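Secondary and tertiary structure notes
The residues making up each chain are set out below.
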Amino acid sequence: MPYEVPEVHIVETAERKINMLRAMDSAVSGLRAHQNKLDVIGHNIANVNTFGFKSQSYSFKEAMYQTATQSTGGVQNTDTTAAGSNAAQYGYGTLMGSITTDMGSSTPTYVGGLNACINGQGFFITHAISNKEDLDISDETKAEEILKGEEFAYTRVGQFQLDSQGYLTDGTNFIYGFRPTDTGFNTEELCALRVPSDLNNGFGDKALQAKSVKINELGEVTATVENPQTKEATQVSLGKIAIVTFQNQEGLAKSGGTYYSASVGDNTGNCAATIAGGSNAKLMTGYLEASNVDLAKEFSELITTQRGFQANTKIITVSDEILSDLISMKR
């Protein structure tokens with residue numbers, strides 16, 4: 001009569017195999033999570049000298065659980081008493097918890113020239129194209145729709161220059177702000193800043209030739225041009241650079257090249273375009289904001305993450321040895 005393996009033995013063997021594979025699955029999830037954290041740390045260290053860079057931090061969270069036994073309450077009556085029992089659960093490793101951006105200000109670095117950094121919260125407003133019509137932001141709701149829906153790019157790096165058409169740019173995008181008027185600046189309409197085409201702040205097809213450009217702490221950009229009639233040097237205003245503030249600036253999405261983006265329905269909250277000065281942050285002319293990467297913190301995180309990665313590889317090695325032992329039992 002052939003020998004029959006008891007059913008209980010089969011179940012116990014299968015359970016041990018499942019437990020062993022669960023350990024390997026946990027290790028694999030740990031490797032992936034630690035690799036992701038190493039990627040974040042490496043990106044931070046690589047940008048330690050990138051102007052305006054904001055460092056990121058990575059956190060872990062537990063993966064899903066399998067419940068072997070449920071948590072039960074005790075039962076007590078006149079005849080019997082049963083004790084309660086806690087739940088028995090198996091974990092499946094770790095996953096990415098969150099990647100957060102530290103939007104704290106960093107040390108201003110003096111570089112001179114037509115550069116500026118914001119001494120406080122806020123971002124410069126830039127766009128890849130120059131709109132022919134000014135954008136009406138007089139209404140708060142309309143302003144938020146425009147600032148989040150017109151594909152603007154926001155940056156803390158104020159490396160300004162003039163292009164061949166007289167527009168103020170950061171070398172890639174146009175800089176947006178408020179044009180000058182006879183009584184001040186039109187803060188109800190947002191536009192790309194440009195050298196005017198005449199001395200009366202007109203903006204035709206051809207801008208006056210600017211010989212020098214300056215910016216002050218209140219964000220006003222002025223240029224020295226030649227008076228077409230008298231040939232004398234005259235100063236004209238391009239306008240004031242706009243600064244946008246968000247209720248939750250950590251909700252902005254990085255889009256590369258020191259730029260951030262916002263969209264309708266994201267987690268940035270209310271936003272508004274303002275000018276520097278007063279209750280708002282002023283500009284530090286000639287300065288650029290340095291990276292806020294803390295090298296000491298990053299290297300300590302690198303060491304602990306490396307050790308975590310190594311520990312998870314050891315679990316896979318041990319699991320492989322157990323599998324090998326099980327297979328060798330057949331021989």
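Use the structure listed above.
Bear in mind that the values here come from a model prediction, so they are computed numbers and not experimental data.

For the rest of this paragraph, the subject is the packing of aromatic side chains. Applying the stated criterion to the full structure yields eight aromatic pairs. Seen from their ring centres, Phe152 and Tyr176 are 5.2 Å apart, and the 80 degrees between their planes marks the pair as edge-to-face. Of this pair, Phe152 sits in the loop between α2 (140-149) and β11 (153-155) while Tyr176 sits in strand β15 (residues 174-178), and the two are 24 residues apart along the sequence. Like Tyr176, Phe152 is buried. Considering the side-chain rings of Tyr154 and Phe246, the 5.3 Å spacing of their centres and the 75 degrees angle between planes classify their relative orientation as edge-to-face. Here Phe246 lies in strand β22 (residues 243-246) and Tyr154 lies in strand β11, a separation of 92 residues in the sequence. Residues Tyr154 and Phe246 agree in their burial class; the two are buried. Among the aromatic side chains, those forming a connected cluster through ring pairs are Phe123, Tyr154, Phe246 and Tyr260.

Strand order in the open sheet formed by three strands is β12-β8-β26, and the pairing between neighbours is antiparallel. Each edge of the open sheet carries a strand with a single partner, namely β12 (158-159) and β26 (283-285). Judged from the three bridges that link them, strand β8 (residues 115-118) and β26 form a sheet pairing that is antiparallel. From the neighbouring strand, Cys117 faces β26, where its bridge partner is Met284.

Moving on: the pattern of salt bridges. Per the counting criterion, the structure on display carries nine salt bridges. For Glu301, the salt bridge identified is with Lys37, shortest N-O distance 2.7 Å. Here Glu301 is found in helix α3 (residues 295-328), whereas its partner Lys37 is found in helix α1 (residues 7-46), with 264 residues between them in sequence. What makes Lys37 buried here is its relative accessible area of 11%. For Glu289, the salt bridge goes to Lys54, with nearest N and O atoms at 3.2 Å. Residue Glu289 is located in strand β27 (residues 287-289), and its partner Lys54 is located in the loop between α1 and β1 (56-62); the two are separated by 235 residues in the primary sequence.

To continue, consider the pairing of β22. Where strand β9 (residues 123-127) and β22 come together, two bridges link them in antiparallel fashion. By the bridge assignment for β22, Phe124 is matched with Ile243. Where β22 and strand β25 (residues 271-274) come together, four bridges link them in antiparallel fashion. Residue Ile243 lies in a different strand from β25, and its bridge partner there is Thr274.

You can see Ile137 is positioned in the loop between β10 (135-136) and α2. A relative accessible area of 10% means that Ile137 is categorised as buried. Sequence separation between Ile137 and Leu147 is ten residues, and the spatial gap between their C-alpha atoms is 8.8 Å. When neighbours within four sequence positions are excluded, Ile137 is seen to be in contact with Ala143, Ile146, Phe178, Thr187, Glu188, Glu189, Leu190 and Ala273.

Okay, a nonpolar patch on the surface next. A surface patch of nonpolar side chains, amounting to about 380 Å² of accessible area, comprises Val318, Ile322, Leu326 and Met329. Its place among the elements puts Leu326 in helix α3.

A few words now on α3. Along its 34 residues, α3 runs 49 Å from first to last C-alpha, staying within 8% of the 50 Å computed at 1.5 Å per residue. For α3, every residue scored as buried is listed here: Glu298, Thr305, Gly308, Asn312 and Ser319. Residue Asp294 occupies the N-cap position of α3, its side-chain oxygen lying 3.2 Å from the main-chain nitrogen of Ala296.

With 24 residues, the main nonpolar core has Ile125, Tyr154 and Leu190 as its most contacted residues. Those elements that provide at least two residues to this core are β9, α2, β15, β18 (189-192), β22 and β25. Leave out the neighbours within four places in its chain, and Leu190 touches Ile125, Asp134, Leu135, Ile137, Leu147, Phe152, Tyr176, Gly177, Phe178 and Ala242. By size, the runner-up hydrophobic cluster in this structure holds 22 residues, among which are Ala116, Leu208, Val236 and Leu238.

Looking now at the environment of Tyr176. Residue classification places Tyr176 among the buried positions, given a relative accessible area of 1%. Along the primary structure Tyr176 and Ile243 are separated by 67 residues, whereas in three dimensions their C-alpha atoms are 8.9 Å apart. Of the polar contacts made by the side chain of Tyr176, one reaches the backbone oxygen of Ile129; its length is 3.0 Å.

It is worth spelling out the side chain of Lys148 at this point. Relative to the elements of secondary structure, Lys148 occurs in helix α2. Polar side-chain contacts of Lys148 include one of 2.9 Å to the side chain of Thr268. At 2.7 Å, the side chain of Lys148 forms a polar contact with the backbone oxygen of Gly269. Lys148 has contacts with Tyr154, Ala262, Ser263, Val264, Asp266, Thr268, Gly269 and Cys271, leaving out every residue within four places of it along the chain.

The rules behind each value
- Residues numbered from 1 in each chain as written.
- Predicted model: local features only at pLDDT ≥ 70, side-chain atom pairs only at ≥ 80, totals over all residues.
- Heavy atoms only, no water.
- Phe/Tyr/Trp six-rings, centres within 6.5 Å; stacked < 30°, edge-to-face > 60°.
- Helix = DSSP H or I, 4+ residues; strand = E, 2+ residues; numbered from the N terminus.
- Buried < 20%, exposed > 50% of the residue type's maximum accessible area, 1.4 Å probe, protein only.
- Pairing = 2+ DSSP bridges.
- Salt bridge = Lys/Arg side-chain N within 4 Å of Asp/Glu carboxyl O.
- Contact = heavy atoms within 4.5 Å.
- Patch = residues over 30% accessible without salt bridge, like charges linked within 9 Å, V, L, I, M, F, W, Y side chains within 5 Å.
- Areas by Shrake-Rupley, 256 points an atom, 1.4 Å probe, with all protein chains shown as cover.
- Expected span 1.5 Å × (residues − 1).
- Polar contact = N/O pair within 3.5 Å; in protein donor to acceptor, adjacent residues only side chain to side chain.
- Core = buried A, V, L, I, M, F, W, Y, C linked by side-chain atoms within 4.5 Å.

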